[in-house]
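# Structural features, examined
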Amino acid sequence: MSPAEVDFDPDRPWRRARSVALRPEPFGALVYHFGNRKLSFLKSKTLVAVVEALADHPSASATLAACGVTEAQHPAYVKALADLARSQMIEPNPEGTS
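The notes below deal with the structure included here. A quick note: this is a predicted structure, and the numbers were derived from the prediction, not measured. Every chain begins its residue count from 1, and numbering advances along the sequence as written. Where local features are concerned, this predicted model is filtered to residues with pLDDT of at least 70; where side-chain atom pairs are given and counted, the filter is 80 or more; whole-chain, interface and lining totals use all residues. Think of the side-chain values as coming from all heavy atoms in the structure, minus any hydrogens and water.

Working definition: helices are DSSP H or I runs of at least four residues, strands are E runs of at least two. Numbering for both runs from the N terminus. A count of helical and extended segments in the protein chain gives three helices and five strands. Going from N to C terminus, the protein chain has its helices and strands arranged as β-β-β-β-α-α-α-β. In this description the radius of gyration comes from C-alpha coordinates, and the expected globular size is given by 2.2 Å times residues to the power 0.38. Over its C-alpha trace the protein chain gives a radius of gyration of 12 Å, about what one expects of a compact globule, namely 13 Å for 98 residues. Considered along the principal axes of its C-alpha atoms, the protein chain spans approximately 35 × 35 × 20 Å. Counting across all 98 residues of the protein chain, residues that qualify as buried make up 40%. Two residues form a contact once any of their heavy atoms are found within 4.5 Å. Restricting the contact set of the protein chain to residue pairs at least 6 apart, pairs at least 24 apart contribute 53%. Only the protein chains shown count as covering a residue, and every accessible area follows the Shrake-Rupley method with a 1.4 Å probe. Total accessible area on the protein chain is roughly 5700 Å²; 54% of this is exposed by carbon and sulfur atoms. To sort residues, take the accessible area from a 1.4 Å probe on protein chains only and compare it with the maximum for the residue type: under 20% means buried, over 50% means exposed, and anything in between is partly exposed.

See below:
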């Protein structure tokens, strides 16, 4: 599946892409993809925690709940995660936790 075809489903398991590094910063984190050389900024420490915890939960939605993201905040976080999926910073987790 090409990056443009990535369909982010928050009810499926996700993980930080294996070729992606996070560097903590006071504002959140820098995210760098070593494969496509894309650089992104995560401007929320909560979003950083979500990205780091994705592989530990059965779905992105479960990760949001585990990281204390309120239901009212879910749409904004789902959009951010979908953007990260399109830029290949996160990817479907075929191993998914159950």
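Let's pick the thread back up.
An order of β2-β3-β4 is seen for the three strands of this open sheet, with the pairing classed as antiparallel. Looking along the sheet, the strands with just one partner apiece sit at the ends: β2 (20-25) and β4 (39-42). The sheet shows a mean angle of 20° between the axes of neighbouring strands, taken without regard to direction. Pairing between strand β3 (residues 28-33) and β4: four bridges, direction antiparallel. Note that in β4 the partner of Tyr 32 across the bridge is Leu 39. Paired strands, as defined in this entry, are two strands with at least two bridges between them according to DSSP. Working convention: axes come from line fits to C-alpha atoms, limited for helices to the stretch in contact. Angles between N-to-C directions cover 0 to 180 degrees.

This part covers helix α3 (residues 74-86). Residues three or four positions apart in an α-helix share a direction because the helix packs 3.6 residues into each turn. In this analysis, the expected span of each helix is defined as 1.5 Å times one less than the number of residues it contains. The terminal C-alpha atoms of α3 lie 18 Å apart, and with 13 residues this matches the ideal 18 Å at 1.5 Å per residue to within 8%. His 74, Tyr 77, Ala 80, Leu 81, Ala 82, Leu 84 and Ala 85 are the residues of α3 that are buried. Among the structural elements, β1 (14-16), β4, α1 (45-53), α2 (60-66) and β5 (90-92) are those in contact with the buried residues of α3. Gln 88 occupies a position one or two residues after α3 and carries a positive phi of about 70°.

This part is about α1. Buried within α1 we find Leu 47, Val 48, Val 50, Val 51 and Ala 53. Its side-chain oxygen placed 3.2 Å from the backbone nitrogen of Thr 46, Ser 44 serves as the N-cap of α1. Polar contacts, as used here, are pairs of N or O atoms within 3.5 Å; protein pairs need one atom able to donate a hydrogen and one able to accept it. Residues neighboring in sequence count only if both atoms are side-chain atoms.

Aromatic ring pairs are described here by two measures, namely the spacing of the ring centres and the angle between the planes. What counts as a ring pair is set by centres within 6.5 Å for rings of Phe, Tyr and Trp (its six-membered ring), and what kind of pair is set by the plane angle: stacked under 30 degrees, edge-to-face over 60, tilted for all other angles. The full count for this structure, using the stated rule, is three aromatic pairs. Seen in terms of ring centroids, Phe 8 and Trp 14 are 4.8 Å apart; in terms of plane orientation they differ by 40°. Their pairing is tilted. What makes Trp 14 buried here is its relative accessible area of 2%. With a centroid separation of 6.2 Å and 50° between ring planes, the pair formed by Phe 27 and Phe 41 is classed as tilted. With Phe 27 in the loop between β2 and β3 and Phe 41 in strand β4, the pair connects residues that are 14 residues apart, well separated along the chain. Judged by its relative accessible area of 47%, Phe 41 falls in the partly exposed class.

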